[in-house]
Amino acid sequence: MAQSILYYSTNHAAPKISFGDALLQGLAPDKGLYMPDAIPVFSSEEITGFSQKPYAEIAFAVFSKFFGNEVPANTLKTMCQEAYTFDIPLEAVVDNKYIMRLDQGPTASFKDFAGQMMGRLMQFFLQKNNAHKLILTATSGDTGSAVAHAFYKRSNIQIAVLFPESEVSDRQRKQMTTLGKNIQIIAIDGKFDDAQAMVKEAFSDPDLRHLELTSANSINIGRLIPQIVYYIYAYSRLATSKDQPILFSIPSGNFGDMMGCVLASKMGLPVKKILIAVNQNNEFETLLRTQKYAKIEPSINCISNAMNVGHPSNLARVIELYGGNMDEKGIITKNPDYTLLQNDFFAVSVSDELTKQTIARTWEQYNVLLEPHGAVGWRCVEEYCAQNPTENNALIVSLETAHPAKFPQAIIEQTGVNPELPPSLQNLDTLPEQFDRVQGNYATFKKYLLEKYS
Ligand SMILES: *Cc1c(COP(=O)(O)O)cnc(C)c1O
């Protein structure tokens, strides 16, 4: 594997670095996001060949292309085999349309696909450099548990997760607070926005530099590359002829998931269109329609709560890939090719009312149980087919990004079904919880970090 891809910053004012360094840094020093300086491709023969291969082998093939020169092949292969031990059900709904359930991992959301690999990769590069990192994450629910499980018991890594005590469900809290070891969970008496602001301030505080802070959210390139694999996997299982086109519908918040699909497409997967499903936080849908961008501040509270994002951080990467530029404040300093963007993407904003109706209707009509995020995705498929009737028999895969049992309330209300807990969520009630409480202001939080980690 002689080729070597380097990673550049979307703000173009930081040196290109290796994958391992980009993974450990998270954000580039010029506040831009790291992107590969070349996107490797698969031939259509290679893609056809994946139909016989297990998920872990497809993952290995993708990762080898992006950073195979940095991790020994045997080590990388073992990481993939250990990370991807769970099922990826592809459920036929109607015509040639499928739901891909990305909810069988340890925390029952799609974030496990990236988390499981990132934990292993970060440990590998830290051990190699004889270095340590403290990963700081603010969560409104899903990210915190996926990050905590991904890094649980990994050496050279400490985790601190901040969450707003009053905004996280019991089940979400227990997924984080029952681990212990290198995982520290911190409740604050504020809102998610406060937690997020405290984490951001800590990253830029020179007094905390010695703590070697870094982030594991989707600004990190290490989150995106693993998210390429399930698109290729779905295609390998569902395509019935060589080069058959496929469409994906992706429930989106910070657009990390959709970046995986964009990269898969640039790698040669015959993706005809990417359907972007958003809730009432519709800044991307508006951008596509009007070519004008405005953040939504504060973000709107919708029932698909993991997608309540008023300024998706990965938009800078999308704009970059389409020839434009967006700075860290969300200002477009150079226009992307809007014609190409409109050709490759179709976006729909779905209200809570329609989300609920979709949960009820897919259950009634197809016996398919969706939670709010997946329902937003499916509604987008329906809207696309209504506007493009010739596409009714196209191969379309809609992503279910969390397990229905994580959002029982909306589902019981709409269907009367109380979704069964997956094994990963079953024993939570019997395990002891442990977490600290910190007042929701930066000074107190900083003192806490210095006392605990210096
Ligand atoms: C994080 C999350 C999303 C949004 O994913 P992005 O990569 O931020 O667009 C959608 N659904 C669920 C359940 C999530 O946890």
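Structure shown above.
This write-up is about the structure you can find in this document. (Residues numbered from 1 in each chain as written. Predicted model: local features only at pLDDT ≥ 70, side-chain atom pairs only at ≥ 80, totals over all residues. Heavy atoms only, no water.)

### Re the sheet that holds strand S7 (residues 183–188)
The five strands lie next to each other as S8-S5-S6-S7-S15, forming an open sheet whose pairing is parallel. Strands at the two margins of the open sheet, each flanked by one partner only, are strand S8 (213–214) and strand S15 (436–438). Where S7 and S15 come together, three bridges link them in parallel fashion. The partner of Ala187 across the bridge, within S15, is Arg437. Strands strand S5 (133–138), strand S6 (157–164), S7 and S8 of the sheet are contacted by helix H8 (residues 192–203), whose axis makes an angle of about 150° with S5. (Pairing = 2+ DSSP bridges. Helix = DSSP H or I, 4+ residues; strand = E, 2+ residues; numbered from the N terminus. Contact = heavy atoms within 4.5 Å. Axes fitted to C-alpha atoms, helices over the stretch in contact; angles between N-to-C directions.)

### Quick look at the sheet that holds strand S13 (residues 345–349)
Read across the open sheet, the six strands follow the order S3-S4-S14-S9-S10-S13; overall the sheet is mixed. Edge positions in the sheet fall to strand S3 (90–94) and S13, since each has one partner strand and no second. Shown here is a sheet whose adjacent strand axes are inclined to one another by a mean of 25°, direction ignored. Here helix H12 (residues 283–290) sits on the sheet and contacts strand S10 (271–278) and S13; the angle it forms with S13, its principal contact strand, is near 125°.

### Some remarks on a positive patch on the surface
On the surface, a cluster of positive charge is contributed by Lys31, Lys200, Lys295 and Lys329. Looking at where Lys31 falls in the secondary structure, it is placed in the loop between helix H1 (19–25) and strand S2 (34–36). (Patch = residues over 30% accessible without salt bridge, like charges linked within 9 Å, V, L, I, M, F, W, Y side chains within 5 Å. Areas by Shrake-Rupley, 256 points an atom, 1.4 Å probe, with all protein chains shown as cover. Salt bridge = Lys/Arg side-chain N within 4 Å of Asp/Glu carboxyl O. Lys, Arg positive; Asp, Glu negative; His and termini not counted. Charge placed at Lys NZ, Arg CZ, Asp CG, Glu CD.)

### Focus on the side chain of Lys446
Mapping Lys446 onto the fold places it in helix H19 (residues 442–453). The contact partners of Lys446, leaving out residues within four places of it in the chain, are Asp205, Asp207 and Leu208.

### Concerning the site of the ligand
Around the ligand, 15 residues are found, and the nearest of them are Lys111, Gly253, Asn254, Asp257 and Thr401. Measuring from an oxygen atom of the ligand, one finds a backbone N or O atom of Asn254 at 2.8 Å. With respect to the ligand, the backbone of Phe255 contributes an N or O atom lying 2.9 Å from an oxygen atom. Protein chains bury 97% of the 380 Å² of accessible surface belonging to the ligand in isolation. Counted by class, the shell around the ligand contains six nonpolar, six polar and three charged residues. (Near = heavy atom within 4 Å. Polar contact = N/O pair within 3.5 Å; in protein donor to acceptor, adjacent residues only side chain to side chain. Nonpolar A, V, L, I, M, F, W, Y, C, P; charged D, E, K, R; others polar.)

### Overview of unusual backbone geometry
Across residues other than glycine, the phi torsion is negative in most instances, and most of the peptide bonds are trans. Cis geometry marks the peptide bond from Glu297 to Pro298; its omega dihedral reads -10°. Topologically, Pro298 is positioned in the loop between H12 and helix H13 (315–321). Here the phi dihedral of Asn156 falls at roughly 65°; this positive angle occurs in a residue that is not glycine. The topology assignment puts Asn156 in the loop between helix H6 (142–151) and S6. Judged by relative accessible area, Asn156 falls into the buried class, the value being 17%. Even without being glycine, Asp243 reaches a positive phi, approximately 65°. Tracing the backbone through its elements, the reader meets Asp243 in the loop between helix H10 (229–238) and strand S9 (246–251). Asp243 sits in the partly exposed class, given a relative accessible area of 45%. (Buried < 20%, exposed > 50% of the residue type's maximum accessible area, 1.4 Å probe, protein only.)

### Some words on the side chain of Asp257
Summarising the element assignment, Asp257 is placed in helix H11 (residues 256–266). Despite its burial, Asp257 pairs with no opposite charge, the nearest such side chain being Lys111 at 7.9 Å. Side-chain polar atoms of Asp257 contact the side chain of Tyr231, separated by 2.7 Å.

### What about the packing of aromatic side chains?
Tallied over the full model, the rule gives 21 aromatic pairs. Centre to centre, the rings of Phe124 and Phe125 are 5.1 Å apart; their planes meet at 80°, and the pair counts as edge-to-face. With a relative accessible area of 16%, Phe124 lands in the buried category. Judged by centre distance (5.9 Å) and plane angle (65°), the rings of Phe163 and Phe435 are edge-to-face. One end of the pair, Phe163, is in strand S6; the other, Phe435, is in the loop between helix H18 (423–426) and S15, with 272 residues separating them in the sequence. Overall, Phe435 belongs to the partly exposed group, its relative accessible area being 22%. Here a set of aromatic residues connected by ring pairs shows up, and it is made of Tyr55, Tyr84, Phe86, Phe113, Tyr230, Tyr231, Tyr233 and Phe248. (Phe/Tyr/Trp six-rings, centres within 6.5 Å; stacked < 30°, edge-to-face > 60°.)

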